[in-house]
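Here is what each chain is made of, one letter per residue.
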Amino acid sequence: MTKSDAAEEQKQTPSQAAWAVSWKSDHKNTSHPLHMIEMSGQELKFMDVRPNHDDRTGEINAETGKLNYEMFWSGEADELDREEFLTRVTKLLAEHGGEVTGSKVREAGCMISMVAVPFAISESDAMALGKAMFDDFGMIADSDDEQEEGAKETEGGVKAAAASGPHADNLGVAQQ
């Protein structure tokens, strides 16, 4: 594999890039039913959507062209009626063109108890779902991008992110 092949393989689709930083949003459409699912005496709060690194099909299914994702909610899997939860999530995702790809709700998280549901969705439907769930979906900058935009040339020719705030000294970057 050449360097250009490796770079091409690491490129994200617009929805993958947008979902990767959606957790930073302060503009959630909390009325969207996927943001909070109440059942089994729990309030399962939406946490994140991440590419599903499915061993069978990968992040993008070559046959269908659909993206493979997992959606995560906070909550205890052991206390959850998983069948009812999966039925509800399947219906809600289908309303946005998503298709649940697994037959089980997976226990997820290590520091926070979470549950995850795998699903496949087209690029355009993934963007529409994100825009239904977040008012600023696709407009949040990744911190790496922000650092790159804020990078400045230093005396030694080394780029360093311009930093400010109470911990700037700890970053080894002089405040500007």
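Refer to the structure above for everything that follows.
Colleague: Could you clarify how one ought to interpret the overall build of the chain in this entry?
Modeller: A count of helical and extended segments in the chain gives five helices and eight strands. In sequence order, the secondary structure elements of the chain are arranged as α-α-β-β-β-α-β-β-β-α-α-β-β. Here the chain, with 176 residues, has 35% of them falling under the buried criterion. When contacts within the chain are restricted to residue pairs at least 6 apart in sequence, those whose partners lie at least 24 apart make up 61%. Of the accessible surface of the chain, which amounts to about 11,000 Å², a share of 48% is contributed by carbon and sulfur atoms.

Colleague: Which parts of the structure should I look at to understand helix 2 (residues 14–21)?
Modeller: Two residues of an α-helix separated by three or four positions point the same way, owing to the 3.6 residues in each turn. For helix 2, the full list of buried residues reads S15, Q16, A18, W19 and V21. Check the buried side of helix 2 and you find it contacts strand 2 (42–51), strand 3 (67–74) and helix 4 (123–133).

Colleague: I'm lost on the pattern of salt bridges in this one. Help?
Modeller: Pairing between side chains of opposite charge can happen when their charged atoms approach one another. Counted according to the given criterion, the structure contains five salt bridges. Ionic pairing is found between D48 and R50, a salt bridge with its closest N-O pair at 2.8 Å. R106 is the salt-bridge partner of E70, the closest N and O atoms lying 2.8 Å from each other. Here the residue E70 occupies a position in strand 3, and R106 occupies one in strand 5 (residues 106–108), the gap between them amounting to 36 residues.

Colleague: Honestly, unusual backbone geometry in this entry has me stumped. Any pointers?
Modeller: What is expected of a backbone is that most residues other than glycine have negative phi and most peptide bonds are trans. If you check the backbone angles, S40 has positive phi at about 55° while not being a glycine. Note on S40: relative accessible area 35%, which makes it partly exposed.

Colleague: Help me understand the packing of helix 2 against helix 4, please; the structure alone is not making it clear to me.
Modeller: The geometry of helix 2 relative to helix 4 is characterised by a closest axis approach of 9 Å and an angle of 30° between their N-to-C directions. Comparing their axes, helix 4 and helix 2 come out roughly parallel. Handedness of the helix 2/helix 4 crossing: left-handed. Residues P14, S15 and W19 of helix 2 touch helix 4, and the partners they reach there are E123, A126, M127, L129, G130 and M133. Taken together, the residues of the contact of helix 2 with helix 4 break down into six nonpolar, two polar and one charged.

Colleague: When you look at the pairing of strand 1 (residues 36–39) in this model, what are you seeing that I'm missing?
Modeller: In summary, the side chains of a regular strand alternate between the two faces of the sheet. Residues I37 and M39 of strand 1 are buried on one face, while the alternating residues M36 and E38, pointing to the opposite face, are not. Relative to strand 2, strand 1 runs antiparallel, the two being bridged by four bridges. Looking across to strand 2, one finds that M36 is bridged to K45. Between strand 1 and strand 2, which follow one another and run antiparallel, lie two residues, and S40 among them has a positive phi close to 55°.

Colleague: When you look at the environment of A120 in this model, what are you seeing that I'm missing?
Modeller: Note that A120 resides in strand 6 (residues 114–121). Taking the C-alpha atoms as reference points, A120 and P51, 69 residues apart in sequence, are found 9.7 Å from one another. Residue contacts for A120: discarding those within four places in its chain leaves K66, L67, N68, G97, G98, E99 and T101.

Colleague: Got a minute to help me understand helix 4 in this structure?
Modeller: Along helix 4, the residues that are buried comprise A126, M127, L129, G130 and M133. The arc enclosing the buried residues of helix 4, seen along the axis, measures out at 160°, which places them on a common side. The exposed residues of helix 4 that point more than 90 degrees off its buried face are S124 and K131. Of the surrounding secondary structure, the elements contacted by the buried residues of helix 4 are helix 2, strand 2, strand 3, helix 3 (82–94) and strand 6.

Definitions and limits used
Residues numbered from 1 in each chain as written. Predicted model: local features only at pLDDT ≥ 70, side-chain atom pairs only at ≥ 80, totals over all residues. Heavy atoms only, no water. Helix = DSSP H or I, 4+ residues; strand = E, 2+ residues; numbered from the N terminus. Buried < 20%, exposed > 50% of the residue type's maximum accessible area, 1.4 Å probe, protein only. Contact = heavy atoms within 4.5 Å. Areas by Shrake-Rupley, 256 points an atom, 1.4 Å probe, with all protein chains shown as cover. Salt bridge = Lys/Arg side-chain N within 4 Å of Asp/Glu carboxyl O. Axes fitted to C-alpha atoms, helices over the stretch in contact; angles between N-to-C directions. Parallel < 35°, antiparallel > 145°, perpendicular 65-115°, else oblique. Left-handed = near helix turned anticlockwise from the far one by under 90°. Nonpolar A, V, L, I, M, F, W, Y, C, P; charged D, E, K, R; others polar. Pairing = 2+ DSSP bridges. Arc of directions from axis to C-beta.

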